[in-house]
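The lines below spell out each chain.
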Amino acid sequence: MPKLKPQSIVVMDNASYHSVKKEKIPTSSWEKSAIQERLSEKKVTWNQDLIKIGLLQKVNQIKHLYNSYRVEEITEKFGHKILRLPPYHCELDPIEMIWRQVKGYVARENKTFKLKEIKELVTRGIEKVSTQNWTNCINHGIKKEKEMWEVDGFIDEIWENQNFIISVKSDSSDSDSEIMSADDL
């Protein structure tokens, strides 16, 4: 972090090791007594006769105060910000594209399926990654992001200009539901 330029934006995916919470937030899998204990630690008043669902409703009222990640705390100490990529969009993540190239190299060159050879192939695969590979992957991510923004704009435009009503027929005929615009009524 100290080697980054001041006020950098760190882009990362949502891998579990990037998403370790600063504090554990109670969920429905927690025992009632543990939820009560956590609420008390946070100085939240709760009634002794509340059932578990009521305690979890109390948790939901305050969880936004404790729903932060460890990596964000570290990053902010150095004056940087984190930008998280949307889940399941590896086409926006240059690291994923590079890793795919390395894995492809290992798959093509692996002849013995022995751990020692695989380790060597991974090292060689990483060494084969060039500045041009990185540039291409970054440009690909930027291109995909622009395409997604365009699609998002089209969707917004459609929703702003049309009112759709979904009509489900109540008779027992075999016809499917039909979609019509408000202008069709």
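Residues numbered from 1 in each chain as written. Predicted model: local features only at pLDDT ≥ 70, side-chain atom pairs only at ≥ 80, totals over all residues. Heavy atoms only, no water.

Per an unreviewed UniProt entry, the chain goes by DDE_3 domain-containing protein and derives from Trichonephila inaurata madagascariensis.

Moving on to the overall build of the chain. A count of helical and extended segments in the chain gives six helices and four strands. The order of α-helices and β-strands along the chain, N terminus first, is β-α-α-α-β-α-α-α-β-β. Split into buried and exposed, the 185 residues of the chain put 21% on the buried side. Nonlocal contacts in the chain, meaning residues at least 24 apart in sequence, comprise 51% of its contacts between residues at least 6 apart. Accessible surface, the chain as shown: approximately 14,500 Å² in total, 55% of it carbon and sulfur. (Helix = DSSP H or I, 4+ residues; strand = E, 2+ residues; numbered from the N terminus. Buried < 20%, exposed > 50% of the residue type's maximum accessible area, 1.4 Å probe, protein only. Contact = heavy atoms within 4.5 Å. Areas by Shrake-Rupley, 256 points an atom, 1.4 Å probe, with all protein chains shown as cover.)

Once that is clear, we can look at unusual backbone geometry. Backbone phi values are negative for most residues with the exception of glycine, while trans is the configuration of most peptide bonds. For Tyr-88, which is not a glycine, the phi torsion comes out positive at approximately 65 degrees. Turning to its location among the elements, Tyr-88 is positioned in the loop between strand S2 (81-84) and helix H4 (94-109). Tyr-88 sits in the exposed class, given a relative accessible area of 80%. Phi at Phe-113 is positive, roughly 60 degrees, even though this residue is not glycine. Along the chain, Phe-113 falls in the loop between H4 and helix H5 (115-127).

Looking now at the pattern of salt bridges. Enumeration over the complete set of coordinates arrives at five salt bridges. Between Arg-84 and Glu-72 there is a salt bridge; the shortest N-O distance is 3.5 Å. On the criterion of sequence distance, the pair formed by Arg-84 in strand S2 and Glu-72 in helix H3 (residues 70-77) is long-range, its members being twelve residues apart. (Salt bridge = Lys/Arg side-chain N within 4 Å of Asp/Glu carboxyl O.)

Now for a nonpolar patch on the surface. On the surface, a cluster of nonpolar side chains totalling about 330 Å² of accessible area is made up of Met-1, Leu-4, Ile-74 and Phe-78. Of note, Ile-74 is situated in helix H3. (Patch = residues over 30% accessible without salt bridge, like charges linked within 9 Å, V, L, I, M, F, W, Y side chains within 5 Å.)

For the rest of this paragraph, the subject is the packing of H4 against H5. Relative orientation of the contacting elements H4 and H5 amounts to 135 degrees, with a least axis distance of 9 Å. Here H5 runs oblique to H4, going by the angle between their axes. Where H4 crosses over H5, the two elements pack in a sense that is right-handed. Packed against H4, whose contacting residues are Val-102, Tyr-105, Val-106 and Glu-109, the element H5 presents Glu-117, Ile-118, Leu-121, Val-122, Arg-124, Gly-125 and Ile-126 at the interface. In the contact of H4 with H5, the residues fall into seven nonpolar, one polar and three charged. (Axes fitted to C-alpha atoms, helices over the stretch in contact; angles between N-to-C directions. Parallel < 35°, antiparallel > 145°, perpendicular 65-115°, else oblique. Left-handed = near helix turned anticlockwise from the far one by under 90°. Nonpolar A, V, L, I, M, F, W, Y, C, P; charged D, E, K, R; others polar.)

A separate point is the nonpolar core. Formed by Trp-30, Ile-35, Leu-39, Val-44, Leu-55, Leu-56, Val-59 and Ile-62, the largest nonpolar core amounts to eight residues. Mapped by element, the contributors of at least two residues to this core are helix H1 (32-41) and helix H2 (52-62). If one sorts the elements of this core by residue count, H2 sits on top with four residues. With near-sequence residues (within four places) excluded, Trp-30 lies in contact with Lys-24, Ile-25, Ile-35, Arg-38 and Lys-52. (Core = buried A, V, L, I, M, F, W, Y, C linked by side-chain atoms within 4.5 Å.)

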